[in-house]
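Structure assessment
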Amino acid sequence: MNIGVLALQGDFSEHIQSIRRTGGEASEVRLPRDLAGLNGLIVPGGESTTIGKLAVQYGLIEALHDFGKTRAIWGTCAGAIFLSKDVRRHQPLLGLMDITVQRNAFGRQAESFEIDLDIPALAREGNGRARPFHAVFIRAPIIESVGPGVEVLARLENGSIVAARQGRFLATSFHPELTRDDRVHQYFLGIVGGK
Ligand code: GLN
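Residues numbered from 1 in each chain as written. Predicted model: local features only at pLDDT ≥ 70, side-chain atom pairs only at ≥ 80, totals over all residues. Heavy atoms only, no water.

Around the ligand, the surrounding shell consists of Gly45, Gly46, Glu47, Ser48, Cys77, Ala78, Ile81, Arg103, Asn104, Ile138, Arg139 and His175. Gly46 has a polar backbone atom sitting 2.9 Å from an oxygen atom of the ligand. Relative to its unbound accessible surface of 300 Å², the ligand loses 96% to contact with the protein. Residues that form the shell around the ligand fall into these classes: four nonpolar, five polar and three charged. (Near = heavy atom within 4 Å. Polar contact = N/O pair within 3.5 Å; in protein donor to acceptor, adjacent residues only side chain to side chain. Areas by Shrake-Rupley, 256 points an atom, 1.4 Å probe, with all protein chains shown as cover. Nonpolar A, V, L, I, M, F, W, Y, C, P; charged D, E, K, R; others polar.)

Laid out in structure tokens, this is it:
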């Protein structure tokens, strides 16, 4: 499985390491031609406005759109923002996922926190309930609303949506690449493989 990681800005090298730990091949994507031969793509966390501006500059918006017509894409944090169709402000977005996102939803006081999250989709078949996933939130967005084709994968206790899937597209508000728990990466490889 060849997974590209958009390497314009943000924590792309952590994603590359996580994918390699799960047994996939991972490479950096900076230009449209880097997408050739890839089975899936990860858009990392960082700053969504910066990622968006650089993507416009490198001619990646159209190329990523084309890529998303047939292949899986996962966005973490800023990456989830970039995948969304609406953030209620003006910035370059891919608009591939029918989700509305609120940036920096936890405000300044509590910009970062870690929490054990229940993600039922991580349970392996026949393996009962998944153990909680230790989720790292850094100036994180929440997914404010989802369209009809979108499956909610995880919520905080107050109901805020922090992980969602729409077919081959995956969005997480948190950063699985910053932990040694590779289950979300494995889950994404499953999506890439057609699950
Ligand atoms: N606050 C950032 C943004 O709005 C996202 C932060 C992150 O990716 N950790 O783009």
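For any pair of aromatic rings, the description rests on two quantities: the centre-to-centre distance and the angle between the ring planes. Tallied over the full model, the rule gives six aromatic pairs. Centre to centre, the rings of Phe113 and Phe137 are 4.6 Å apart; their planes meet at 10°, and the pair counts as stacked. Taken together, the residues span a long stretch of sequence, with Phe113 in strand β7 (residues 112–117) and Phe137 in strand β8 (residues 133–138) at a distance of 24 residues. Of the residues examined, Phe137 reaches a relative accessible area of 0% and is grouped as buried. Ring centres 6.0 Å apart and planes at 45° place the aromatic pair Phe133 and Phe174 in the tilted group. With Phe133 in strand β8 and Phe174 in the loop between β12 (169–172) and α5 (183–192), this pair connects stretches of sequence that are 41 residues apart. An aromatic cluster is defined as three or more aromatic residues linked by ring pairs; in this entry it consists of Phe106, Phe113, Phe133, Phe137 and Phe174. (Phe/Tyr/Trp six-rings, centres within 6.5 Å; stacked < 30°, edge-to-face > 60°. Helix = DSSP H or I, 4+ residues; strand = E, 2+ residues; numbered from the N terminus. Buried < 20%, exposed > 50% of the residue type's maximum accessible area, 1.4 Å probe, protein only.)

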